[in-house]
Amino acid sequence: MDSVNISGRRGVPNKRREPANKNKPGRPEGLSNVRDEILDAAEIIFADHGYAGTTLREVAEAAKVTQALINYYFGSKFGLFEQVFLRRGSKISDERLDRLHELKQSGQYDVKNIVLAFLSPTLVLRETKAGRAFIRLQARLHTEPPEVSYKLRNEAYNASTKAYVEAFREVLPHITECEAYWRVTLMVGAYMYAFSDTHRLEELAGGVCNPEDSQEVLEQMSAFVTAGLQAPSINSK
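Fair warning: this is a prediction, and the values are worked out from it, not measured in the lab.

Across its full length, the protein holds 10 helices and zero strands. Taken from the N to the C terminus, the helices and strands of the protein come in the order α-α-α-α-α-α-α-α-α-α. Of all 237 residues assigned to the protein, the portion counted as buried reaches 39%. Sequence-distant contacts, at least 24 apart, represent 70% of the contacts inside the protein between residues at least 6 apart.

Turning our eyes to something else, we now look at the packing of aromatic side chains. In this description, a pair of aromatic rings is defined by centroid distance and the angle of the planes. The tally for this structure, following the rule as stated, stands at 11 aromatic pairs. Ring centres of tyrosine 72 and tyrosine 73 lie 5.2 Å apart, and the angle between their planes is 70°; on these two criteria the pair is classed as edge-to-face. Seen from their ring centres, phenylalanine 118 and tyrosine 191 are 6.0 Å apart, and the 75° between their planes marks the pair as edge-to-face. You can see phenylalanine 118 sitting in helix α5 (residues 111-123) and its partner tyrosine 191 sitting in helix α8 (residues 177-195), a full 73 residues away along the chain.

End to end, helix α10 (residues 214-229) covers 22 Å across 16 residues, agreeing with the expected 22 Å (1.5 Å per residue, within 8%). Turning to α10, its buried residues are Val217, Leu218, Met221, Ser222, Val225, Thr226 and Leu229. Seen end-on, α10 carries its buried residues on one side only, within an arc spanning 140°. Exposed residues on α10 whose side chains face more than 90 degrees from its buried face are Gln220 and Phe224. Buried residues along α10 sit against α5, α7 (146-171) and α8. Measuring from the backbone nitrogen of glutamine 215 back to the side-chain oxygen at the start of α10 gives 3.0 Å, which picks out aspartate 213 as the cap.

So, about unusual backbone geometry. Of note, lysine 64 is a non-glycine position whose phi angle comes to about 60°, a positive value. Locating lysine 64 in the fold gives a position in the loop between α2 (56-63) and α3 (67-74). Given the relative accessible area of 55%, lysine 64 is considered exposed.

A separate point is the confidence of the model for the protein. Parts of the model with low pLDDT should not have their predicted coordinates read in detail. Here the protein shows a mean pLDDT of 86. Residues at 70 or above account for 86%. Mean pLDDT per element in the protein: helix α9 (residues 200-205) is the minimum at 87, and α2 is the maximum at 97. This model gives residues 1-8 a pLDDT under 50, and the stretch forms 22 contacts once residues within four places in sequence are excluded. Confidence over residues 12-31 falls short of pLDDT 50; this stretch has 34 contacts with residues more than four positions distant or in other chains.

What follows deals with the pattern of salt bridges. Any two side chains of opposite charge can pair, on the condition that their charged atoms come close. This model, assessed by the stated rule, comprises nine salt bridges. With a closest N to O distance of 3.1 Å, glutamate 95 and arginine 99 form a salt bridge. In this pair, glutamate 95 and arginine 99 both sit in helix α4 (residues 77-106), four residues apart, roughly one turn of the helix. Judged by relative accessible area, which is 27%, glutamate 95 ranks as partly exposed. Judged by its relative accessible area of 29%, arginine 99 is partly exposed.

Close contact between α7 and α8 brings their axes to 9 Å; oriented N to C, the two are set at 125°. Here α7 lies oblique to α8, going by the angle between them. Considering the relative orientation of α7 and α8, their crossing is right-handed. In this structure, α7 contributes Thr161, Lys162, Val165, Phe168 and Arg169 to the contact, and α8 contributes Glu177, Ala180, Tyr181, Val184 and Met187. The residue inventory of the contact of α7 with α8, partitioned by class, reads six nonpolar, one polar and three charged.

Scoring rules and cut-offs
- Residues numbered from 1 in each chain as written.
- Predicted model: local features only at pLDDT ≥ 70, side-chain atom pairs only at ≥ 80, totals over all residues.
- Heavy atoms only, no water.
- Helix = DSSP H or I, 4+ residues; strand = E, 2+ residues; numbered from the N terminus.
- Buried < 20%, exposed > 50% of the residue type's maximum accessible area, 1.4 Å probe, protein only.
- Contact = heavy atoms within 4.5 Å.
- Phe/Tyr/Trp six-rings, centres within 6.5 Å; stacked < 30°, edge-to-face > 60°.
- Expected span 1.5 Å × (residues − 1).
- Arc of directions from axis to C-beta.
- Polar contact = N/O pair within 3.5 Å; in protein donor to acceptor, adjacent residues only side chain to side chain.
- pLDDT = per-residue confidence, 0-100.
- Salt bridge = Lys/Arg side-chain N within 4 Å of Asp/Glu carboxyl O.
- Axes fitted to C-alpha atoms, helices over the stretch in contact; angles between N-to-C directions.
- Parallel < 35°, antiparallel > 145°, perpendicular 65-115°, else oblique.
- Left-handed = near helix turned anticlockwise from the far one by under 90°.
- Nonpolar A, V, L, I, M, F, W, Y, C, P; charged D, E, K, R; others polar.

See below:
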C-alpha cells in the first residue's frame, strides 16, 4: 500500500494517496508535532491581533500548514482559540492548586505565601517569548466578546480562583466574602497589567525600575497585593 507523501506546505499530499477513510481523514505521517506548532503560531497572532483580528489564513502561513489541516485538528477558529488558551491557562490553574495544597501542608500558610503561590506560575511564563505571548493573550481576553471570553475564563480559572478566595478568607478572618472576591479580582487585574509588557513602567520611571527582572517584579507585586489584602475591612465599625 502506498503511503502519503507530503510535499510543499505540510498537510498538502502529493498525488499518491492512501485509500480514503469514509469516517475521518487519516493523520499524515511525520506530523507528530504539527498540532503544537499550529498552537504556538496561533498563540502569538491571537496575542498581537486579538480573536476578531486574527484569520486562519495568517495562522496557516505562520505555521506553514494549510487551513484545511487547522480545521482538521481544531474544527474552527474558535476551536483553535479555545485550545490555545486552555493549553496554558489550565496548566496555570492546576499549578496554583498544587502550590496551595503544598502550602497548607508546609506550616507556612499565610497571606504573603498564598500570594506568591498564586502569582508564581504566571510569572514563570515571562521567561519565554511564547509565555509572554500567552500573558498578552490572557490580558486581551478581558476585552474579547463575552461569547468568546466568559466560557474560556471560567473553564480555565474558576476552580483555582475560588480556592484562593477561600484561602484568603481563612487567613484573613476580618474581611467579608465580598471583600475577599474584590481583593482577589484586583490582584488579578494588577498582575495582568504588570506582567503583560505594556512598557509603561519603563517610560514612566526612566530606568529606576527594571520590569525585566522577575525577582523585582515578584517582590514589588507581592508586597503591594499582600498589603491590599490585609487592609482593614471597610465594613468594620
